Amino acid sequence: MELDLWGKALLDHYLGRHEIPLVLHTSFDDPELVSLEVFFRDQSEFSELETLACNLCRGSVIDIGAGTGCHTVALQSRGFEVAALEKSTGACEVMRRSGVNQVIEGDIYHYEIRGYDTALMMMNGLGLAGTLQNLPTLLTKVMSCLEPSGQIIADSSDIAYLYRDLPMPSRKYYGELEYYYEYQGLTDDIFPWLFVDYQRLQKAVNQLGLKVEFLFEEDDQYLVRIFRS
């Protein structure tokens, strides 16, 4: 059974319980403490990339992997009809308590949703693919949530810079990392996370008969719009 340690830590942080740190273990580097404040920013604290992403939303919006809903709340404040899709129970509880109007607790791969104009996927939203091989599956699923004229606004990062002084992995794509969380003396399951460079994203998008537009780059993070041709 999934422990949802990230969600538990988020809910505790929201309730003012800051005593126990959330630790992120990664296949690339040493464990690190997670700064939970980043998940509780308002739009005045968004990066230029995040602000642009919100500005590009149109029509009805589904915020996929919404986390605590900081982008959802920002869009609500602008008058958008926006739903937040998030599989973490703890994160969903934070959103319900903090005023997100439409919270959908579920996994994008297993939840049937239709008819949105924009799918917003922020904070390395394309990482939900887990692996490069699974990226077309994720994109196909997200596009199925949209109207024919719909768009995906998403970000990712090219992490090749991490290997400037190290050899590239030989058995898998260098943007495929693995993580797990440690909280309250517990550890949860390892999960894969994808950081995809733009050239490989473009290849995956084009193979599906879709189009991708490179919009903005900021500190090795980039923003794209994906749509039907």
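Residues numbered from 1 in each chain as written. Predicted model: local features only at pLDDT ≥ 70, side-chain atom pairs only at ≥ 80, totals over all residues. Heavy atoms only, no water.

J.: What is the right way to read the side chain of D197 from this model?
T.: The residue D197 is located in the loop between strand 10 (191-194) and helix 6 (198-207) in this model. A relative accessible area of 2% means that D197 is categorised as buried. A distance of 3.2 Å separates a polar atom in the side chain of D197 from the backbone nitrogen of Q199. Here the side chain of D197 touches R200 through a polar contact of 2.8 Å, side chain to side chain. (Helix = DSSP H or I, 4+ residues; strand = E, 2+ residues; numbered from the N terminus. Buried < 20%, exposed > 50% of the residue type's maximum accessible area, 1.4 Å probe, protein only. Polar contact = N/O pair within 3.5 Å; in protein donor to acceptor, adjacent residues only side chain to side chain.)

J.: Even after reading the chapter, I still don't get the packing of helix 1 (residues 5-14) against helix 4 (residues 89-97), so can you show me in this structure?
T.: Each packed pair of helices is defined by two parameters, the angle between the axes and the distance between the axes. Contact geometry of helix 1 with helix 4 gives a least axis separation of 7 Å together with a crossing angle of 30°. Judged by the angle between their axes, helix 1 and helix 4 are roughly parallel. Each of W6, G7, L10, L11 and Y14 in helix 1 lies in contact with helix 4, whose residues at this interface are G90, A91, E93, V94 and R97. Here the contact of helix 1 with helix 4 is built from residues that sort into six nonpolar, two polar and two charged. (Axes fitted to C-alpha atoms, helices over the stretch in contact; angles between N-to-C directions. Parallel < 35°, antiparallel > 145°, perpendicular 65-115°, else oblique. Contact = heavy atoms within 4.5 Å. Nonpolar A, V, L, I, M, F, W, Y, C, P; charged D, E, K, R; others polar.)

J.: Please explain unusual backbone geometry as it appears in this structure.
T.: Both trends apply: most residues other than glycine have a negative phi, and most peptide bonds are in trans. Non-glycine residue D4 carries a positive phi angle of around 55°. As for its placement among the helices and strands, D4 is situated in the segment before helix 1. Positive phi values are uncommon outside glycine, yet D220 reaches one of about 70°. Along the chain, D220 turns up in the loop between strand 11 (210-218) and strand 12 (221-228).

J.: Looking at this structure, I do not really get the side chain of S60. What am I missing?
T.: By the element assignment, S60 lies in the loop between helix 2 (48-55) and strand 3 (61-64). Overall, the relative accessible area of 10% leaves S60 in the buried class. The residues contacting S60, other than those within four sequence positions of it, are E81, G115, Y116, D117 and T118.

J.: Teacher, can you tell me more about the packing of aromatic side chains here?
T.: Pairs of aromatic rings are described using the distance from one ring centre to the other and the angle between the two planes. As enumerated under the stated definition, the model contains 11 aromatic pairs in all. Geometrically, the ring pair formed by F28 and Y163 is edge-to-face, given 5.2 Å between the ring centres and 75° between the ring planes. Here F28 is found in the loop between strand 1 (23-26) and strand 2 (32-33), whereas its partner Y163 is found in the loop between strand 7 (146-157) and strand 8 (176-183), with 135 residues between them in sequence. Cluster of aromatic residues (ring-pair linked, three or more members): F28, Y163, Y173 and Y174. (Phe/Tyr/Trp six-rings, centres within 6.5 Å; stacked < 30°, edge-to-face > 60°.)

J.: Even after reading the chapter, I still don't get the nonpolar core, so can you show me in this structure?
T.: Most often, soluble globular proteins keep nonpolar side chains buried together rather than apart. Residues I62, I152, L201 and I226 are the most contacted members of the largest nonpolar core, which totals 54 residues. For I152, the contacting residues outside a window of four places in its chain are A119, M121, L139, V142, M143, L146, V224, R225 and I226. Counting 15 residues, the second largest nonpolar core, distinct from the first, contains L49, C57, L120 and M122. (Core = buried A, V, L, I, M, F, W, Y, C linked by side-chain atoms within 4.5 Å.)

J.: Help me understand the pattern of salt bridges, please; the structure alone is not making it clear to me.
T.: For the structure on display, the rule yields nine salt bridges. Its salt-bridge partner being D12, residue R17 comes within 3.2 Å of it at the nearest N-O pair. Looking at R17, the relative accessible area reads 46%, which means it is partly exposed. Its relative accessible area of 10% is what places D12 among the buried residues. With a shortest N-O distance of 2.8 Å, D197 and R200 are connected by a salt bridge. A single salt-bridge network, built from bridges that share partners, covers E93, R96, R97 and E105. (Salt bridge = Lys/Arg side-chain N within 4 Å of Asp/Glu carboxyl O.)

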